[in-house]
Every structure is written in structure tokens, then in C-alpha cells.
Amino acid sequence: MRFDLQIALASVGAGAAYGLLALALIVIHRGSKTLNLGTGALAALGAYVAAWVHEDGDRLGAVPAAIVGTVAAALAAGLFGWLVMRRLRSAAMFVRVTATLGLLVVVRAVVNLFLVDGSTPQVRLFERGTFTLPGDYVLTRDRLFILVTATVVVLVVAAVYRYTPFGLASRAMADGEAGVSLSGRSPDVASTSNWMLGGALSGFAGVLLSSITTVSVLGLTLLVVVALATAAIAGFRSVVAALFASLAVAAVQSVVSGRITDISEFTGLPGWPEAVPFIVLIIVIVATGTAVPTRGVSFESGLPAAPPVKKPTWLPAAVAAVGGAAMVLGPSAIIDPLTRSAILAIVAVSLVLVVGFVGQLSLAQMTFAGLGAAFGSWAAISLNLPFPLPVLVAVVLVFPIGLVLGAPSIRVRGVNLAIVTLGVAVMFDEMFFSDRDRFPEGIEFPRPSLAGWSLDSFEHPRRFGVVVVIALALACLVVQLIRSRPAGQSFLAVRINERGAEGVGISVPRVKLLAFSISASMAAAGGTLLGYRSGRVSAASFVSLQSVFLLVVVVIGGVGAAGGGVVAGLLVSGGLLMYLASELGASPDVIDLASGLLVLLTLTLMPDGLTSLPARIKQRLEERRDGGGADIGIAG
């Protein structure tokens, strides 16, 4: 017991920083009705900018460097709020949340491009001496000072929101913009100010964390889920409760970490300390039905269009013909990236099914793909099944997993479901894919063959590529047939209005579970093919951040249509278009930066994605032909 209390005390610094991140989430949500999934990335920006200007004290002192890092994060968030979120303030919550994923990608790429130099960022604000507390418990000075600093910040922010005109305007924003406008204040200014404040809090939290522990861009970026857990406990309302919840979560993490050997031996699973916030988050959301207040906010209305499918076989035939011809006749250099594009397009098309058709925002799609790869490897190596049977085994075994992981969608939806799926994905990262004992050298696959024909992607890449294209065409056919049949109408009815769907006899739980299960199985097929492509695929290929990147490119392509998934496959990291960009000298971080900016442009200018461009051009031409120049001038 004494040991547990001592290590819990050591966590107060991290808990205080988590509290500031939770406060940042609450501030931005209160002022713009948006859940900022880029909060952790802004923390990384603050930490790395502060470390860059500090440079071990050679440039600026610790306190000025911390101020610079905090201001940098505030300016980045304010710029995003003004240029992007101001244009999207009347958009569906799906669009706004996806925009914050674009922010995450852009900020992460900027940090990697310009600020990461191989060293660990650290700006030590407080000295490290120790205090001896009653009972001979020891607490370091830096952690105590961080706790005091965070407490002061939280109390000041709480007072600002309660007693100042800015706070009153921000609180009014939570109920709608009309009240703010009637008071003579600008909703745009109020929203952007909250974005800046949230960015400053995130950046300062990153600086504080870097002063007491080793941080990385990825680690800080994923801290958004920890902050979500503690903000959810506080109901996204009480900033003081969020701080206490953060301290409690950090203490439990620390105790679990101290007992990790015993816990891992008992359960057979690693990663329990990292999983604690996500377990808390999922319990809170599933128990209450919500974590993020959504009063007056519609998730479903304004979702990207899911156009009707008149000829279900057209897209699969086009994919098979064009993709097959490219595999057979294309230059050798593009075959492997084109194959990767086709495989990940299968996973992207699976995302269209659950997000575009049913309106359920899933951030665990690459987790399903990774589970498919694991099951496929087991079937191929342990059961010695020939190709393509391991792919079918993966599809069958992941189907019930999709059923289980889709179960929360019965109780929660919209942005709350996105939080649950992201939490589940991160839990799998820490407890399954990061297990070195389970995957010491990655997920291994034998060389595939079919009817005596070698499909080895190294010796016969074109053959394997043709097989992958056929699999993509089949995935497109499944999605197109669902869209064009009564089942597809049921999917769309649930997406548009769940209560209305129930009113006409549609079982909403059945539709959601079916969509999740089919989508998960389809993603599993893609994950298995990804393993066969390389012979050994790193478990890191399926971490939660990859699901975020996948959703970003699917939104660019068009999340409401199977064709959007195909376009997304061309845009994925390591895919065809990214390969061509790298041949022109673009680094992976430059490509990520371009992807993030492109998704922001798509959401603001063309929310239905690139696949809607031909229809938009056709509509404009018909309007010009039918309406004439005078009508166009009046409309403008």
C-alpha cells in the first residue's frame, strides 16, 4: 500500500498536465461546439517549439521558451479556428470533427518537418529537489510546482468563464450563436478566441510534460484520448472536476505501471498502464450514453452525400479493367505502390460502408485490418492453409469482433462513438500490436500460390497485383450492391434519422451491427493481403494513428461513395500518388502535410469529396445552359 501511494504521488505532475489538456478540450468545445482531436498535436507543437528556442539554455531561458511555445500553439489553433472552423460553423459535427483530424495531421507534419532533430525536447521550468511529506512520503519539487501552476491556471480560467463578458459570450456559444449576436458580440471572434485559449493550454501542457518526462510527437498526439477520458468524467462542463479526474487517472496509471509485472503475468497482456484512460473513457461513454454534450448539434445532418447507385457493376468493372491493365502493362516501378494502393483501397471502401452509408464515425478501421493480418498469419502458418483460405479465415473471425466492437454504437453515436472507437484502437495498440513477445519480428506470412501459380509479390509482383485488383473490385461490388438494394436504403435511413428509421420498422441496432461487422471483415481482408504483399508486415502499420490518416484520405476522396475509397487508396502513404510525389523529391512529412491541407480544403470547398467533382461540373454546366448568364449573375 505504501508503495502504491508513493508512486501515485509521483504522478501528480503528469496528472496536472492531463488536466490542462482536458481544460483545452472543454474550452474549445464550449466556444465552438467542436471536439478538437488535434489537442495532443498542439501540445507537441508547444513542447517542440519551446525546446527549439530554448536549446539547452543557449538561446532563451526556460520561462521565455515556455511562453514562446505556448504562444505558437495558441496562434496555430487561432489560425485554424479563423480560416477553417469559421467557415464550417454551420456544418455537420462529422465535418467539424474530421477537420480537427486535418489539423492533427498538419501540425504533426510541421513538427516533424521543422522541429524534430533527433533529440528529446525538454524545457526544465522548475528545479528537481524533493519534499518529505508526513509519513516519509517523498514528492519532487518540479511535480509539486507543476500541480500548483496547473491548479492556478484552472481556477483563473474558471473565473474568466464565470465573471467576464468573454466568458459569458463563450457560455452562450454553447447554446447557439443567436444569443451572442444579440449581445452585440461577434460569434466568429468568440469562437476563434476560444480556439486560441485552447491552443495555449495545449501548448503549455506539452511544455510541462516535456519538463518531467520523455515525450515524442506520437506520444503527445495520442494524449488527446487521455484528455478525452478525464473531460468525459467531468461531463465536458466542470474544469475543476476535469483536473481532479486527470489527477486520479494519472495516479491509477502510475500504480498499474508499478504493478505491471504482476498484472501482465495474470492477464497475459502488456500495456495496461497506457490502457487505463481508455478503459475509463469507454466505461463512462457506454454507461452514460454520451461523453460530449451534443445539445443543439446534429451529427447526421450535413454528412457528405451518398449518391444513388444506378449500375452497381460499373465501378467494379472499371476497377478490374483499369487496375488489371495497369498491373499488366504498367512500368515495373509502379507495381508495388499500385498494389499497396489497391490493398488499402479495400480498407478505405470498408470505411465508406460504415461512415458514409450509416453515419457511424469509426476510428478503428486499421485495427480491424491488423486483426485480420494476425488471424491470416495464424491460418497460413499454424494451420498451413493455402492462399486464399487464410484471407477467408480472417474475414470470418473478424466478423464477430466487428459485432462486439460495434455494440457501443447501439447506445452511443456520432462524435461519442468516434471517441469509443479511437479508445479501442489505442488499447489494441498498447495491449496487442505493441507486444514484442507476440510479434517479435512483425506479422509473418508465407509466399502465396494459387493452383500451382506462384503469387509471390517479390518474384511475380504483377500476378499478385492482379489478384489484389480483383479483390478490390469484389469489395466495390459488395458495397455497390448494398447501396442499391433495400439494405442500403435501411442504412441510409439510419444515417438520416434513427428515430424515423425505427418508425418505419427498421431495426437500428441490427443495421449498425451489420454495417460494423461487414466493414470489419472487409478491412480484415485488406490487412491479410497487406501481409502477403510484404511477407512480414510491421504491427505498427495498424496503429490507431493510421486509422486517422485513412479517414482523412477517404474524406478527400468522398466518404459517401465506394469510388471515394478507391481514390483514397491512391492517396494513402506508400500508395501510387505518394510514390510519384516521392520520386519528385517530396518527403513523407511533406506528403502528410499536403494531405492534411488537402482535407481542410476539401471540407471547406467540396465536402462531398473529389468523386463529386464530375457531378458538380455537370450541374454547373447545366445551370449555365438552362439559366443563362443573367441568372448566374443574380445568383452570385
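Note that the structure is a prediction, hence the values are computed from the model and not measured.

Conventions used here
- Residues numbered from 1 in each chain as written.
- Predicted model: local features only at pLDDT ≥ 70, side-chain atom pairs only at ≥ 80, totals over all residues.
- Heavy atoms only, no water.
- Helix = DSSP H or I, 4+ residues; strand = E, 2+ residues; numbered from the N terminus.
- Contact = heavy atoms within 4.5 Å.
- pLDDT = per-residue confidence, 0-100.
- Salt bridge = Lys/Arg side-chain N within 4 Å of Asp/Glu carboxyl O.
- Buried < 20%, exposed > 50% of the residue type's maximum accessible area, 1.4 Å probe, protein only.
- Axes fitted to C-alpha atoms, helices over the stretch in contact; angles between N-to-C directions.
- Parallel < 35°, antiparallel > 145°, perpendicular 65-115°, else oblique.
- Left-handed = near helix turned anticlockwise from the far one by under 90°.
- Expected span 1.5 Å × (residues − 1).

Trainee: What exactly am I supposed to notice about the side chain of Thr528 here?
Mentor: As for its placement among the helices and strands, Thr528 is situated in helix 23 (residues 508–534). Excluding its chain neighbours within four sequence positions, the residues that come into contact with Thr528 are Gly372, Ala373, Gly376, Pro390, Val391, Ala394 and Phe445.

Trainee: How should the confidence of the model for the protein be read in this particular structure?
Mentor: The predicted structure's coordinates, where accompanied by low pLDDT, should not be read in detail. Scored by pLDDT, the protein has a mean of 83; 86% of the residues are at 70 or more. Throughout residues 295–299 the model reports pLDDT below 50, and contacts reaching past four residues in sequence, or to other chains, amount to 15 contacts. Within the model, pLDDT remains below 50 along residues 629–636, and this stretch shows one contact once partners closer than five positions in the same chain are excluded.

Trainee: What should I look at first to understand the pattern of salt bridges in this one?
Mentor: Pairing between side chains of opposite charge can happen when their charged atoms approach one another. Tallying each qualifying case throughout the model produces five salt bridges. Salt-bridge contacts for Glu444 lead to Arg536; the nearest nitrogen and oxygen are separated by 3.3 Å. You can see Glu444 sitting in strand 3 (residues 443–444) and its partner Arg536 sitting in strand 6 (residues 536–537), a full 92 residues away along the chain. Given a relative accessible area of 43%, Arg536 falls into the partly exposed group. Each of the salt bridges in this network shares a partner with another, and the network as a whole consists of Arg447, Asp456 and Glu459.

Trainee: Is there a simple way to explain unusual backbone geometry in this structure?
Mentor: Most peptide bonds take the trans form, and the phi angle of most residues other than glycine is negative. Residues Phe387 and Pro388 are joined by a peptide bond in cis, for which omega reads 10°. Relative to the helices and strands, Pro388 is located in the loop between helix 16 (365–381) and helix 17 (389–405). Positioned with a positive phi, Asn384 is a non-glycine residue whose angle comes to about 55°. In this structure, Asn384 sits in the loop between helix 16 and helix 17. With phi around 55°, Ala451 is a residue other than glycine that occupies positive phi space. By the element assignment, Ala451 lies in the loop between strand 4 (449–450) and strand 5 (453–454).

Trainee: I would appreciate a short explanation of the packing of helix 4 (residues 62–85) against helix 5 (residues 93–114) in the present structure.
Mentor: The interhelical angle for the contact between helix 4 and helix 5, taken along N-to-C directions, is 135°, at an axis separation of 12 Å. In terms of orientation, helix 4 and helix 5 fall into the oblique class. For helix 4 against helix 5, the interelement crossing comes out right-handed. Here Phe80, Val84 and Met85 of helix 4 lie close against helix 5, whose contacting residues are Arg96, Ala99, Thr100 and Leu103.

Trainee: Would you explain helix 10 (residues 217–233) in this entry?
Mentor: For the α-helix, the turn length of 3.6 residues means that residues three or four positions removed from each other point alike. With 17 residues, helix 10 should cover 24 Å at 1.5 Å per step; its first-to-last C-alpha distance of 26 Å lies within 8% of that length. At the C-terminal side of helix 10, Gly235 shows a positive phi close to 65°.

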